Amino acid sequence: MALHFQSLAELEVLCTHLYIGTDLTQRIEAEKALLELIDSPECLSKCQLLLEQGTTSYAQLLAATCLSKLVSRVSPLPIEQRIDIRNYILHYVASQPKLAPFVIQALIQVIAKITKLGWFEVQKDQFVFREIIADVKKFLQGTVEHCIIGVIILSELTQEMNLVDYSRPSAKHRKIATSFRDTSLKDILVLACSLLKEVLAKPLNLQDQSQQNLVMQVLKLVLNCLNFDFIGSSADESADDLCTVQIPTTWRTIFLEPETLDLFFNLYHSLPPLLSQLALSCLVQFASTRRSLFSSPERAKYLGNLIKGVKRILENPQGLSDPGNYHEFCRFLARLKTNYQLGELVMVKEYPEVIRLIANFTITSLQHWEFAPNSVHYLLTLWQRMVASVPFVKSTEPHLLDTYAPEITKAFITSRLESVAIVVRDNLDDPLDDTATVFQQLEQLCTVSRCEYEKTCTLLVQLFDQNAQNYQKLLHSPSGITVDKAIQEGRLAWLVYLVGTVVGGRLTYTSTDEHDAMDGELSCRVFQLISLMDTGLPQCSNEKIELAILWFLDQFRKTYVGDQLQRTSKVYARMSEVLGITDDNHVLETFMTKIVTNLKYWGRCEPIISRTLQFLNDLSVGYPFYYISTLERER
């Protein structure tokens with residue numbers, strides 16, 4: 001496609017091949033033609049032609065794409081030309097506010113790139129690309145559509161300033177981002193909050209799509225401001241629960257005003273789910289504000305306002321039926337404990353009522369085991385960190401975790417056991433098959449389970465005995481129903497996982513001799529189950545129980561096997577009576593017997609063999625190989 005005769009019609013054919021064509025060859029040729037067009041001296045005139053006379057939105061998108069690549073070159077266009085392009089696009093979107101949303105966004109991204117790359121450029125003693133807020137205020141004086149465009153301009157600019165361009169020096173990016181943060185970002189946040197206050201000040205017409213769109217864009221703008229990389233740390237987004245927002249000190253006045261938090265809590269309660277979810281996302285960032293922004297009295301007051309907002313949401317939980325709201329609220333609760341100490345939380349006046357409401361919310365969430373496991377992660381994170389903090393609380397105010405933590409543990413245990421029958425009978429996906437999620441949740445539960453451990457241990461002993469007896473009856477019954485047997489095996493797999501979890505929790509929480517004795521009581525039952533399962537091989541076998549047993553053995557190894565542990569541990573008292581296992585040497589023999597059995601009978605099951613060999617490898621780290629070999633010969 002020769003450029004010198006490219007008419008409007010030919011350019012629109014190019015658009016079709018680029019954006020909606022299905023022929024791969026034509027698409028490759030179109031991409032080559034696009035690169036040639038960008039390098040052509042006629043590029044700007046062709047872009048203008050597409051914008052002013054193009055008959056489809058894709059023609060306008062092509063123009064925006066070309067302009068974006070043109071202004072992003074390492075060798076920049078002359079400053080006058082970039083000013084002309086920026087002014088032309090501002091006028092163009094102002095005169096055509098009902099363009100396709102993706103066209104508006106693409107054109108505004110061109111403005112954002114021009115502004116960022118020219119941030120320090122001066123003409124006639126003025127920073128010519130920094131007047132963007134003044135330009136946006138002109139849009140805010142127009143129709144709702146114009147307001148939306150103005151807000152999108154600020155939102156895209158904030159995102160662009162936060163975006164690292166690895167083709168350019170990082171020091172230059174940081175210099176620009178820091179200057180933008182210090183000169184403009186606070187004003188943008190204040191402007192966005194004032195727009196949201198105006199929205200709440202008058203009756204909301206939730207049927208007006210334009211008004212909904214405006215509110216959504218303003219909330220996205222606030223979120224972009226709060227997500228800004230204030231100190232150049234480039235925090236890993238995957239470490240979501242560890243995030244602290246490094247709000248600049250100059251923003252203190254905004255955060256100290258109770259009206260700021262009230263605004264977003266009120267928006268959550270007033271807006272439909274798609275928008276209220278964004279309000280909660282903003283509150284997640286507010287809850288993550290760095291502690292050093294406030295003095296101690298200010299921090300206590302700020303935390304009190306956050307807790308009041310949590311209480312209000314939990315007392316009016318209708319909005320939490322929306323999955324997006326539910327997920328963001330769980331993140332919000334986890335961030336509270338990440339940024340505030342348990343000793344600070346218990347000092348809040350509403351704490352007793354709020355911790356009760358959070359516990360009930362968590363229990364309800366765990367009972368709906370099939371719903372949002374990614375969200376439950378944040379709830380378990382909250383309780384794990386709360387319980388882990390108990391030994392360090394100096395306040396005389398009751399933390400009440402000894403009341404609620406056992407209830408959380410019980411809800412997790414019973415809900416997982418109850419899920420098995422539903423999974424088997426309805427042929428649903430088994431949560432146990434998602435081992436990554438199961439292991440993550442169990443590792444969080446292990447700390448929670450050791451709080452008031454007597455209650456958890458009593459429950460597990462009762463459930464284990466009951467399910468083991470039922471399973472033995474089914475094994476000895478000539479007419480054993482396959483479905484019932486599968487249900488019992490699923491429940492036993494969960495129980496073995498759970499016993500391994502609570503035993504492993506000894507390493508995360510203060511324990512006593514009585515707790516060790518309880519671990520021995522539970523462990524006896526799993527070792528007896530191992531004997532039962534291995535006796536029935538190869539006719540009677542179950543992969544899920546075997547994988548759970550390997551989890552238990554590994555947790556027991558970490559907790560009670562090794563030179564670092566006193567051999568007088570009470571865990572072996574009950575095990576000695578029931579199984580003849582008197583110390584960790586005898587346990588090690590049991591480990592080796594299990595490893596050999598698995599290698600003999602499960603050679604065709606990759607998950608079991610893989611986990612068994614990993615367990616053997618972990619054992620060899622703690623003990624010389626010759627020692628393990630000696631035990632095996634003696635056996």
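Residues numbered from 1 in each chain as written. Predicted model: local features only at pLDDT ≥ 70, side-chain atom pairs only at ≥ 80, totals over all residues. Heavy atoms only, no water.

Please explain the overall build of the chain as it appears in this structure.
Secondary structure summary: the chain contains 28 helices and 2 strands in total. Across its three principal directions, the C-alpha atoms of the chain cover 90 × 65 × 50 Å. Here the chain holds 635 residues, and the buried ones make up 53% of them. Considering only contacts in the chain between residues 6 or more positions apart, those separated by 24 or more positions represent 77%. When the accessible surface of the chain is split by element, carbon and sulfur atoms take 52% of a total near 29,100 Å². For the chain, the distance from the average position of its 60 positive side-chain charges to the average position of its 72 negative side-chain charges is 4 Å. (Helix = DSSP H or I, 4+ residues; strand = E, 2+ residues; numbered from the N terminus. Buried < 20%, exposed > 50% of the residue type's maximum accessible area, 1.4 Å probe, protein only. Contact = heavy atoms within 4.5 Å. Areas by Shrake-Rupley, 256 points an atom, 1.4 Å probe, with all protein chains shown as cover. Lys, Arg positive; Asp, Glu negative; His and termini not counted. Charge placed at Lys NZ, Arg CZ, Asp CG, Glu CD.)

Help me understand the side chain of Ser 419 in this model?
With respect to the helices, strands and loops of the structure, Ser 419 is situated in helix 19 (residues 401-426). Other than its neighbours up to four places away in sequence, Ser 419 contacts Trp 369 and Trp 494.

Hey, could you run me through the domain arrangement of the chain in this one?
Interfaces are often sized by the accessible area lost when the parts come together. The assigned domain composition of the chain is domain 1 (95-101 + 119-232) and domain 2 (456-622). Using C-alpha coordinates to define each centre, domain 1 is positioned 58 Å away from domain 2. (Domains from an automatic or database assignment.)

Could you clarify how one ought to interpret the layout of surface pockets in this entry?
Summary: where empty space remains is shown by rolling a probe the size of a single water molecule over the atoms. Size it by volume and the second largest pocket reaches roughly 500 Å³. If you go around the second largest pocket, you meet 22 residues; those closest to its centre are Pro 101, Ile 148, Ile 152, Asn 213 and Gln 217. For the lining of the second largest pocket, the secondary-structure elements that each account for two or more residues are helix 6 (101-117), helix 8 (144-162) and helix 10 (209-226). For the lining of the second largest pocket, the residue count by class is 10 nonpolar, 8 polar and 4 charged. (1 Å grid on protein atoms, 1.4 Å probe; cavity = no way out; pocket = protein on both sides within 12 Å on 5 of 7 lines; lining within 4 Å. Points joined across faces, edges and corners; volume = space filled by probe spheres on them. Nonpolar A, V, L, I, M, F, W, Y, C, P; charged D, E, K, R; others polar.)

Help me understand the environment of His 146 in this model?
In this fold, His 146 is placed in helix 8. Under the relative-accessibility criterion, His 146 is labelled buried at 18%. Along the backbone, His 146 and Lys 98 are 48 residues apart, and their C-alpha atoms lie at a distance of 9.1 Å.

I keep staring at empty space enclosed by the protein and nothing clicks. Help me out?
Scanning the entire structure with this criterion turns up 3 cavities of 30 Å³ or more. Elements supplying a minimum of two residues to the lining of the largest cavity: helix 15 (323-339), helix 17 (351-367) and helix 18 (373-389). In terms of residues, the lining of the largest cavity owes the most to one element, helix 17, which gives 4 residues. Of the residues contributing to the lining of the largest cavity, the split by class is 11 nonpolar, no polar and 1 charged. Approximately 60 Å³ is the volume found for the second largest cavity. Taken together, Lys 116, Leu 117, Asp 165, Arg 168, Pro 169, Lys 172, His 173 and Ile 176 make up the lining of the second largest cavity. Elements supplying a minimum of two residues to the lining of the second largest cavity: helix 6 and helix 9 (170-201). Among the elements that make up the lining of the second largest cavity, the one with the highest residue count is helix 9 (3 residues). For the lining of the second largest cavity, the residue count by class is 3 nonpolar, 1 polar and 4 charged.

Could you clarify how one ought to interpret the environment of Val 222 in this entry?
Mapped onto the fold, Val 222 is located in helix 10. Remark: the alpha-carbon pair of Val 222 and Ser 281, spanning 59 residues in sequence, is separated by 9.8 Å. Not counting chain neighbours up to four residues away, the residues in contact with Val 222 comprise Leu 189, Ala 192, Leu 196, Phe 264 and Cys 282.

So what exactly am I meant to see when it comes to helix 17 here?
What sets the pattern is the α-helix's 3.6 residues per turn: residues three or four places apart point alike. Between its first and last C-alpha atoms helix 17 spans 24 Å; for 17 residues at 1.5 Å apiece the expected length is 24 Å, and the two agree. For helix 17, every residue scored as buried is listed here: Tyr 351, Val 354, Ile 355, Leu 357, Ile 358, Ala 359, Phe 361, Thr 362, Ile 363, Ser 365 and Leu 366. Tucked into the core, helix 17 has its buried residues touching helix 14 (296-315), helix 15, helix 16 (342-345), helix 18 and helix 19. (Expected span 1.5 Å × (residues − 1).)

Can you help me understand the nonpolar core in this one?
Looking at soluble globular proteins, one finds that nonpolar side chains tend to be buried together. Core analysis: the biggest nonpolar cluster contains 219 residues, and Phe 255, Phe 264, Phe 329, Trp 383, Phe 556 and Phe 591 have the highest contact counts within it. Of the domains in this structure, domain 1 (95-101 + 119-232) and domain 2 (456-622) are the two that each give at least three residues to this core. Excluding residues that lie within four positions of it along the chain, Phe 255 makes contacts with Leu 226, Ile 247, Phe 286, Thr 289, Leu 293, Phe 294 and Tyr 302. (Core = buried A, V, L, I, M, F, W, Y, C linked by side-chain atoms within 4.5 Å.)

Hey, could you run me through the environment of Asp 187 in this one?
By secondary structure assignment, the location of Asp 187 is in helix 9. Judged by its relative accessible area of 45%, Asp 187 falls in the partly exposed class. Separated by 64 residues in the primary sequence, Asp 187 and Trp 251 place their C-alpha atoms 9.9 Å from one another.

Help me understand a negative patch on the surface in this model?
Together, Asp 402, Glu 452, Glu 454, Asp 513 and Glu 514 line one region of the surface with negative charge. The topology assignment puts Glu 452 in the loop between helix 20 (435-449) and helix 21 (453-476). (Patch = residues over 30% accessible without salt bridge, like charges linked within 9 Å, V, L, I, M, F, W, Y side chains within 5 Å. Salt bridge = Lys/Arg side-chain N within 4 Å of Asp/Glu carboxyl O.)

Sorry, what's going on with the packing of aromatic side chains here?
By convention here, two paired aromatic rings are described through the distance between centres and the angle between planes. Applying the stated criterion to the full structure yields 26 aromatic pairs. When the ring of Trp 119 is compared with that of Phe 180, the centres are 5.7 Å apart and the planes differ by 75°; the resulting orientation is edge-to-face. Residue Trp 119 is located in the loop between helix 6 and strand 1 (122-123), and its partner Phe 180 is located in helix 9; the two are separated by 61 residues in the primary sequence. With a relative accessible area of 0%, Trp 119 lands in the buried category. (Phe/Tyr/Trp six-rings, centres within 6.5 Å; stacked < 30°, edge-to-face > 60°.)

Sorry, what's going on with the packing of helix 18 against helix 20 here?
For any two helices packed against each other, one specifies the crossing angle of their axes together with the interaxial distance. Running from N to C, helix 18 and helix 20 point in directions that differ by 25°, and their axes come no closer than 8 Å. For the element pair helix 18 / helix 20, the angle class is roughly parallel. Crossing of helix 18 against helix 20: the hand is left-handed. Here Pro 373, Val 376, His 377, Leu 380, Thr 381, Trp 383, Gln 384, Val 387 and Ala 388 of helix 18 come into contact with helix 20, specifically with Thr 437, Gln 440, Gln 441, Glu 443, Gln 444, Thr 447 and Val 448. Taken together, the residues that form the contact of helix 18 with helix 20 break down as 7 nonpolar, 8 polar and 1 charged. (Axes fitted to C-alpha atoms, helices over the stretch in contact; angles between N-to-C directions. Parallel < 35°, antiparallel > 145°, perpendicular 65-115°, else oblique. Left-handed = near helix turned anticlockwise from the far one by under 90°.)

In this structure, what is going on with the pattern of salt bridges? I would like to understand it.
A side chain of one charge can pair with a side chain of the opposite charge when the charged atoms of the two come close. Evaluated as defined, the whole model comprises 27 salt bridges. A salt bridge links Glu 298 to Arg 252; the nearest nitrogen and oxygen atoms lie 2.4 Å apart. With Glu 298 in helix 14 and Arg 252 in helix 11 (residues 252-256), this residue pair connects regions lying 46 residues apart in the sequence. The shortest N-O distance in the salt bridge between Asp 484 and Arg 425 comes to 3.9 Å. Highlighted residues: Asp 484 in helix 22 (residues 482-504) and Arg 425 in helix 19, separated in sequence by 59 residues. Among the residues examined, Asp 484 registers a relative accessible area of 27% and is labelled partly exposed. Through salt bridges with shared partners, one network takes in Asp 465, Glu 521, Arg 525, Arg 574 and Glu 577.

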